Amino acid sequence: MRGVAAGLAVCGFGAGSIFSPFTQNALIGKDYAKTGTVFLGIELTFVILGSCYFVVMGLCSIILRMPPPGYHVRGINIHTVKGAEMVYVKSSGMELTSSTDVKPTLPVLDHSAYFSMTLMESLQSYQYWMIYFMFLGAEITGLLIISKIQSIASNQFGRTANEAASINSGLGGMNLLGRLILPLISDLLGARKPLYCLSLAVQAICLGCLPSALANHSFGGTLACAFIIGFFYGGGFGMIPAFLADQFGAKNVGATHGVILTAWAIAAVCGGLIFTAVYNAQSHIYPNDVSMWYNLDFRWILAPVLFSFLLSLFIPANLRDRKLPRAPGETFRYRFINGRLIRFTGCKVHMLTAAEEEAEWQTYLAGLSNLPQSKPVEVVSSEYGHSRHSGNGVDLFSQNGLGKVHVY
């Protein structure tokens, strides 16, 4: 449930936007935007809210703990990349029984050594930068919609400040739901990439519909598009820590997530500046037609979203796509929606069967050089079969005479 954990960790970010518009309006002054009348003013509002946030974050930080050394869940530890936990070595024909006298020494494929990545390897990998730009495109629309929805409600549809704040709060609620629901779905599917592809495709459709909704003064249509975008914006934010942990290991997720948030910052700052400049230009060109003020903005945002969608289709999220050696003459490979690997060799296209792919993968695993050897593995009885345990973090399972070694 790595996705749910990540979603819960970041859902507070979305939850804050539900009540913050009302809190800020009350502290600054309910009529400040119209009359300039203040209650506490902007400066003091920053001080008060910042102090409250500091106290809450300080209290929460007290309960944070690092996992103990060797901690793992179902064979997954902080070094494991998704898919490596499935690697195992059979018992070389040795039949393991329930006898505690059997103490074989088995070669163990240490996937943390072969498949884990250092931080620099993660940051320098091409798949990381594919995820980086995919994330930028997945978040830019939601960022700009959230920041401009109150202005759109007021300028385009003549809503009051309180109504606009309520709309912003509703958008924050959709943002929060996205951070909880999409990570949960990604855990159930066992994959994050398909949901990012879906998110970008749906956002592109909504961006295409928004200019028409504004031109037709469709308040419901505009809100529907905005709320859908807000939902997928939150979902993308909620899934990205889990996606990074899947690809590069949990030990690297702090740094890789920190770097990838610069994409979010770039989308907010650069996207916001471009959005405002285009808006100002359009409002001067069409001073009497407010429906045109946001038209061009929603059209240019469509370009990075479509680019990120295309990019997301080719992210090698499967461990085998990244590690399986290329066949002679192979120029490109792609994993189709049905899970089958397609190999492009010159002008030829071949879709591998599951058996062909498995055979190549097992050959690759068998050919790995310098296999690390485990310490002697002591087989003891347990109620779940004949297991466990060695001094180097190896669990040995034997059921019906078949040994399976998992490294975690």
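See above for the structure.
So, here's what we can say about the structure. All of these numbers come straight from a predicted model, not from anything done at the bench. (Residues numbered from 1 in each chain as written. Predicted model: local features only at pLDDT ≥ 70, side-chain atom pairs only at ≥ 80, totals over all residues. Heavy atoms only, no water.)

**Some points on unusual backbone geometry**
Filter applied, for reference: In this text, helices come from DSSP runs of H or I with a minimum length of four residues, and strands from runs of E with a minimum of two, each type numbered from the N-terminal end.
For H217, which is not glycine, the phi torsion reads 55 degrees and is therefore positive. Tracing the backbone shows H217 in the loop between α8 (193–215) and α9 (219–248).

**Considerations on helix α11 (residues 295–313)**
Convention followed: For a helix, the expected span equals 1.5 Å multiplied by the residue count minus one. Burial classification: accessible surface area is computed with a 1.4 Å probe over protein chains only, and a residue below 20% of its type maximum counts as buried, one above 50% as exposed, and the rest as partly exposed. Any two residues whose heavy atoms approach within 4.5 Å at even a single point are treated as in contact.
Between its first and last C-alpha, α11 extends 28 Å over 19 residues, near the 27 Å set by a 1.5 Å rise per residue. For α11, the complete set of buried residues consists of N295, D297, F298, I301, V305, S308, L311 and S312. Buried residues belonging to α11 abut α6 (126–157), α8 and α10 (253–285).

**What to know about the nonpolar core**
The following threshold applies: Only buried Ala, Val, Leu, Ile, Met, Phe, Trp, Tyr and Cys residues count toward a nonpolar core, and they belong to the same one when joined by side-chain atoms within 4.5 Å.
Among the nonpolar cores identified, the biggest contains 57 residues, and I131, I240, I260, Y294, F298 and I301 are the most heavily contacted of them. Those elements giving two or more residues to this core turn out to be α6, α7 (161–189), α8, α9, α10 and α11. Ranked by residue count, the leading element in this core is α6, at 16 residues. What Y294 contacts, discounting residues up to four positions off in sequence, is S151, I152, N155, Q156, L214, F275 and Y279. Listed in part, the 9 residues of the second largest apolar core include V81, L319, L365 and L368.

**Thoughts on the side chain of S125**
Structurally, the position occupied by S125 is in the loop between α5 (119–124) and α6. Of the residues examined, S125 reaches a relative accessible area of 9% and is grouped as buried. Look past the residues within four positions of S125 in its chain and what remains in contact with it is M117 and F248.

**Some points on the packing of α8 against α9**
Where we set the bar: Fitted lines through C-alpha atoms give the axes, limited to the stretch in contact for helices. The angle between two N-to-C directions lies from 0 to 180 degrees. Roughly parallel means an angle under 35 degrees; roughly antiparallel means over 145; roughly perpendicular covers 65 to 115; every other angle is labelled oblique. Each crossing gets its handedness from the near helix: less than a right angle anticlockwise from the far helix is left-handed, clockwise is right-handed. For this classification, the nonpolar set comprises Ala, Val, Leu, Ile, Met, Phe, Trp, Tyr, Cys and Pro, the charged set comprises Asp, Glu, Lys and Arg, and every other residue, Gly included, is treated as polar.
Between α8 and α9, whose axes approach to 9 Å, the crossing angle comes to 155 degrees. Classed by the angle they form, the pair α8 and α9 counts as roughly antiparallel. Crossing geometry of α8 relative to α9 is assigned as left-handed. Where α8 abuts α9, its residues K193, L195, Y196, L198, S199, V202, Q203, C206, C209, L210, A213 and L214 lie against G221, T222, C225, I228, I229, F232, G236, M239, I240 and F243. Class assignment of the residues belonging to the contact of α8 with α9 gives a composition of 16 nonpolar, 5 polar and 1 charged.

**A few points about α9**
Under the convention used in this document: To get the bend at a residue, fit one axis to the 7 residues ending there and another to the 7 starting there, then take the angle between the axes. A 3.5 Å cut-off defines polar contacts: any pair of N or O atoms within that distance qualifies, except that in protein one atom must be a possible hydrogen donor and the other a possible acceptor, and neighbouring residues in sequence count only when both atoms are side-chain atoms.
Along its 30 residues, α9 runs 43 Å from first to last C-alpha, staying within 8% of the 44 Å computed at 1.5 Å per residue. Taking the largest bend as the criterion, α9 deviates by roughly 35 degrees, centred on I240, and proline P241 comes between one and four positions later. Most of α9 sits inside the fold, with 24 of its 30 residues counted as buried. Between the side-chain oxygen at the start of α9 and the backbone nitrogen of G221 there is a gap of 3.1 Å, and the oxygen is on S218.

**Overview of the packing of aromatic side chains**
Definition in use: By convention, a stacked pair of Phe, Tyr or Trp rings (six-membered ring in the case of Trp) has centres within 6.5 Å and planes under 30 degrees apart, an edge-to-face pair has planes over 60 apart, and any other such pair is tilted.
One pass over the structure, following the stated rule, counts 20 aromatic pairs. When the centroid spacing of 5.3 Å and the interplanar angle of 35 degrees are considered together, the rings of W361 and Y364 count as tilted. Of the two residues, W361 and Y364 are both situated in helix α13 (residues 354–366); the distance of 3 residues between them amounts to about one turn of the helix. The pair formed by W361 and Y364 is uniform in burial state, with each residue classed as buried.

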